[in-house]
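The residues making up each chain are set out below.
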Amino acid sequence: METSSKKLTLYDIPEFVEPELRKLKGLYYINLFLLSALYLMPQYFGIHIGYDLTCTRLANVLLIVYILFNLKIVLAFVDNVNKCAVTFPLFAYLFVALYTAIFRADINAFMMVFLEILTFYMLLFGIRYVIGVIRSIKIILFCAYFLGFYGFVEYAANHSLYLQFLSTVPNTVSNVYRSGHYRIMGPCGHPLGFGLLLLLFLAIACYDIDRDEMYLFKRPVLLIVLFMDIFFTGSRSTLGLAVFEIVAILLFSGVKNIKKSLVVLVVLVIFVGAFLFINRNNSFGQYLMMQIASVIDTALGTRYSELFGAEIGRLDSSEEYRRYLPDIFTLEWLNPILGRGVKRTFGAEFYGADGSWVVIKSVDNYYVAQYIKYAYPGLFTYLLFIITAVVTLFRNAYRFRCALFSLIAIALTIYFINLWWVDALQTLKFVYAFLALTFATIIHLKKISKEAQIV
């Protein structure tokens, strides 16, 4: 990180180590609870009192009560909102959600968006003023280690332990199996959701906080564990994009770290190849090969995964219906200005662009789903948010020479690309947590840079 001519690390900024409000114990523990629960606790754990009071919502309530009785904290909170680069597109998106809720008599169309955005700004405030950037990174890394190794336990158990022991509010979550294998889902409600979270964890696993550098094998054990978990989710798009993410991180790592990473990669590829060859005839080796072959089949249109026990008909069906999802944009009976909201289920039958009769029962494409819920205004304002967030991260990565910004920008780019094949599945909260971490850092670095110029 470079604020002037000197290369700095996060440890060189006192406020990142010991933030201004760190000594307010009550506020500190509420924020700590919010950040930790966001990653570790499932949405189906909580108390049902007309609505679901989850851990995240409980933290929201506690923070609102705390903040309302402290004018200084209110002013700091508002200041953060004003200085955040994504405030305009987020508020525009919130406005779309509001009028959708009004015209569709669907309060959840507004409240779901409002609570996610509110949580983002609470995290932004908490990380900057209470927990601190460095401590927040360490908390996220702890969550990555915990969920990474938990994924192995869940795979061995052949069912979700989260769902077994922590399902306390009404939900439709169930264990998912394909081709005779269980697909892990961690604290998320679906394996695809856990895959999205793992893509974000991959990036933070490669961050050298002591040197503010990007190094692919900074935490080799964690990296391998997370990558194996991606295999266990059974998500082809996630596995394929994880490879692209690894390549992108490698290319952005700098010459010295690229050379070190390539040496380790060569050794690792040889080891993995030997492992797969030795285990080619047992169920575990067959499963790994099936996942790899499924990605190849998706990319090249081949059918190699069938050799390793894949339910090729089911995979083909999944690919086929996804191909027709963009045709939903052309349906005349969908209002392009006013979306349907979130309370109405969606199903459609129509002739596709190629003349085929298509039946759609679920929408595994976040952007198509946004169009259905909030029409073009909602889709475009959220796309503006995505573009603003990623561009801001890359621009400030260049300005401050901060590797953390580049890493998170890469992770978010991969995440949002993956949403073309899957819905967000209540994982946007993880994106907001990573953005809160980086934007808290950016806001403070800009403040330091401005003060240095004045002096």
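Here the structure is a predicted model, which means the values were calculated and not measured.

1. Remarks on the pairing of strand S8 (residues 357-360)
The side chains of a regular strand alternate between the sheet's two faces. Residues Val-358 and Ile-360 line the buried face of S8, whereas the alternating positions Trp-357 and Val-359 sit on a face that is not buried. In this structure, strand S7 (residues 348-351) lies alongside S8, joined through 4 bridges in antiparallel fashion. The residue of S8 that forms the bridge with Ala-348 is Ile-360. In this antiparallel pair of consecutive strands, S7 and S8, the connection spans 5 residues, and Gly-355 shows a positive phi of 90°.

2. Section: unusual backbone geometry
Residues other than glycine seldom take positive phi values, yet Leu-425 does so here, at roughly 55°. Tracing the backbone shows Leu-425 in the loop between helix H16 (403-418) and helix H17 (428-454). Take Leu-425: its relative accessible area is 33%, and that puts it in the partly exposed class. At Gln-426, a position not held by glycine, the phi torsion is positive, near 60°. If you trace the backbone, Gln-426 turns up in the loop between H16 and H17.

3. A closer look at the side chain of Thr-381
With respect to the element layout, Thr-381 can be found in helix H15 (residues 366-400). Exposure remark for Thr-381: the relative accessible area of 15% places this residue in the buried category. A polar contact of 2.8 Å, which involves the side chain of Thr-381, links it to the backbone oxygen of Pro-377. What Thr-381 contacts, discounting residues up to four positions off in sequence, is Pro-89, Ala-92, Tyr-93 and Val-96.

4. Structural notes on the environment of Leu-393
Within the secondary structure, Leu-393 is located in helix H15. Take Leu-393: its relative accessible area is 0%, and that puts it in the buried class. Separated by 55 residues in the primary sequence, Leu-393 and Leu-338 have C-alpha atoms spaced 32 Å apart. Setting aside chain neighbours within four positions, we find Leu-393 in contact with Phe-405, Ile-408, Ala-409, Leu-412, Leu-435, Thr-438, Phe-439 and Ile-442.

5. Digging into the pattern of salt bridges
Taken as a whole and assessed by the stated rule, the structure comprises 5 salt bridges. Two residues, Lys-72 and Glu-20, come together in a salt bridge whose shortest N-O distance is 3.4 Å. Of the two residues, Lys-72 is situated in helix H4 (residues 71-83) and Glu-20 in the loop between helix H1 (14-17) and helix H2 (25-40); the sequence distance between them amounts to 52 residues. Residue Lys-72 shares its accessibility class with Glu-20, and that shared class is exposed. Beyond isolated ion pairs, a larger network of salt bridges with shared partners links Asp-208, Arg-211 and Lys-218.

6. Concerning the state of the cysteines
Scanning all chains against the criterion turns up 0 disulfides. Here Cys-206 is not cross-linked by a disulfide; its sulfur's nearest cysteine counterpart is in Cys-402, at 15 Å. A residue is classified by how much of its surface remains accessible, and Cys-206, at 0% relative accessible area, is buried.

7. A word on a nonpolar patch on the surface
A grouping of Val-61, Ile-64, Val-65, Leu-68 and Phe-69 is seen on the molecular surface, where their side chains present a nonpolar patch of about 520 Å² in accessible area. Residue classification places Ile-64 among the partly exposed positions, given a relative accessible area of 35%.

The rules behind each value
- Residues numbered from 1 in each chain as written.
- Predicted model: local features only at pLDDT ≥ 70, side-chain atom pairs only at ≥ 80, totals over all residues.
- Heavy atoms only, no water.
- Buried < 20%, exposed > 50% of the residue type's maximum accessible area, 1.4 Å probe, protein only.
- Helix = DSSP H or I, 4+ residues; strand = E, 2+ residues; numbered from the N terminus.
- Pairing = 2+ DSSP bridges.
- Polar contact = N/O pair within 3.5 Å; in protein donor to acceptor, adjacent residues only side chain to side chain.
- Contact = heavy atoms within 4.5 Å.
- Salt bridge = Lys/Arg side-chain N within 4 Å of Asp/Glu carboxyl O.
- Disulfide = S-S within 2.5 Å.
- Patch = residues over 30% accessible without salt bridge, like charges linked within 9 Å, V, L, I, M, F, W, Y side chains within 5 Å.
- Areas by Shrake-Rupley, 256 points an atom, 1.4 Å probe, with all protein chains shown as cover.

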